[in-house]
Amino acid sequence: MVKISPSILSADLLKIEEEVISLDKSGADYIHIDIMDGHYVPNITFGPNIVKSIKSITTKTLDVHLMIEPVEPYIKEFIDAGSDIISFHPEADNNASQIIDIINNASIKSGIAIHPDKNVLDFEHLFKKIQQVIVMTVVPGFGGQRFMENQIQKIKELKDIRKENNYNFEISVDGGINNETGKLCIENGVDVLAVGSYLLSQDDQNYNKIINALK
Ligand code: DX5
Ligand code: ZN
């Protein structure tokens, strides 16, 4: 069954503890934390401290999505903060392969995220040693954007590459996921849906209903 990774980017930051506790009690599988630096993307969000704080109040898998450039100088801090999966955009650093090694050596999961402007094959050399590939279905930077349907073929491409080579990464989609676009991604074989505004911009903090419906 598909896994759900709610993005706390769309959470009410004045109630972040309550929101995380609600997600912790829900059928969510991961908690997606969007880290933006105002450089790789034109928006600024959180640093490693938020990962550490969230880690202290949930047992869910922390799915950390780094939208920062460069990546390497900060990787250790995100590992030490308690990330369970760290994904980054490989073009944002000259040392993508070494960064993956650092993450893997810390016994947590490594992943890459594919910007809509990039091709799956640009990163073929990295697939053998990662555990997650995030297909971005919006231009990274903001929650609440419209799903880019033309990115769906990347899910199929990744599935084929995974099968041919016996790789074992999970395929995640991130951006513009709702009940309709989520269904489309599931039909195309995605493993994880990262969901922001569709789930967390609700007044009702009982997220279970929407999560179950997505599943
Ligand atoms: C976009 C972020 C996404 C975002 C998803 O740059 O990486 O994770 O929070 O939000 P929605 O689901 O609202 O597009
Ligand atoms: Zn994200």
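Conventions used here
Residues numbered from 1 in each chain as written. Chains lettered and ligands numbered in written order. Predicted model: local features only at pLDDT ≥ 70, side-chain atom pairs only at ≥ 80, totals over all residues. Heavy atoms only, no water. Donors = N, O, S within 2.8 Å, 3.2 Å for Na, K, Ca; no water. Tetrahedral: all angles 85-135°; square planar, octahedral: opposite > 155°, others 65-115°. Helix = DSSP H or I, 4+ residues; strand = E, 2+ residues; numbered from the N terminus. Buried < 20%, exposed > 50% of the residue type's maximum accessible area, 1.4 Å probe, protein only. Axes fitted to C-alpha atoms, helices over the stretch in contact; angles between N-to-C directions. Parallel < 35°, antiparallel > 145°, perpendicular 65-115°, else oblique. Left-handed = near helix turned anticlockwise from the far one by under 90°. Contact = heavy atoms within 4.5 Å. Nonpolar A, V, L, I, M, F, W, Y, C, P; charged D, E, K, R; others polar. Near = heavy atom within 4 Å. Polar contact = N/O pair within 3.5 Å; in protein donor to acceptor, adjacent residues only side chain to side chain.

**Quick word on the coordination of the zinc ion (ligand 2)**
Then comes step 1: Surrounding the zinc ion (ligand 2) are the protein donor atoms His32 (NE2), Asp34 (OD), His65 (ND1) and Asp174 (OD), which sit 2.1 to 2.2 Å from the metal.
Then comes step 2: Coordination at the zinc ion (ligand 2) is octahedral, judged from the six donor atoms that bind it and the angles of 71 to 169° they form at the metal.
Then comes step 3: Sequence spacing of the donors to the zinc ion (ligand 2): H-x1-D-x30-H-x108-D. With His32 in strand β2 (residues 30–36) and His65 in strand β3 (residues 61–67), the pair connects residues that are 33 residues apart, well separated along the chain. Side by side, His32 and His65 carry an identical accessibility label, which is buried.

**Here's the deal with unusual backbone geometry**
Then comes step 1: For the bond running from Glu69 to Pro70, omega is -5°, close enough to zero to count as cis.
Then comes step 2: Checked against the element boundaries, Pro70 lands in the loop between β3 and α3 (72–80).
Then comes step 3: In this structure, Ser107 is a non-glycine residue whose phi angle is positive, near 60°.
Then comes step 4: Mapped onto the secondary structure, Ser107 falls in the loop between α4 (96–105) and β5 (109–114).
Then comes step 5: At Asn166, a residue that is not glycine, the phi angle is positive and equals roughly 60°.
Then comes step 6: Position of Asn166 among the secondary structure elements: in the loop between α5 (153–165) and β7 (170–174).
Then comes step 7: Classification of Asn166 as exposed rests on a relative accessible area of 69%.

**Regarding the packing of α3 against α4**
Then comes step 1: Where α3 meets α4, the closest approach of the two axes is 10 Å, and the angle between their N-to-C directions is 15°. Between α3 and α4, the crossing angle belongs to the class labelled roughly parallel. α3 and α4 meet at a crossing whose hand is right-handed. Residues Glu72, Ile75 and Ile79 of α3 form the contact with α4, whose own contacting residues are Ile99, Ile102 and Ile103.
Then comes step 2: When its residues are assigned to classes, the contact of α3 with α4 shows five nonpolar, no polar and one charged.

**Quick word on the site of ligand 1**
Then comes step 1: Residues in contact with ligand 1 amount to 19 residues; listed here are only the nearest, Gly141, Gly144, Asp174, Gly176 and Ser197.
Then comes step 2: Contact distances for ligand 1 include 3.3 Å between an oxygen atom and a side-chain N or O atom of His32.
Then comes step 3: Contact between ligand 1 and Gly196: an oxygen atom at 2.8 Å from a main-chain N or O atom of the residue.
Then comes step 4: Elements supplying a minimum of two residues to the shell around ligand 1: β2 and β3.
Then comes step 5: The element that contributes the greatest number of residues to the shell around ligand 1 is β2, accounting for three residues.
Then comes step 6: Along the lines of polarity and charge, the residues of the shell around ligand 1 split into seven nonpolar, ten polar and two charged.

Function-wise, these values are silent; they only describe arrangement.
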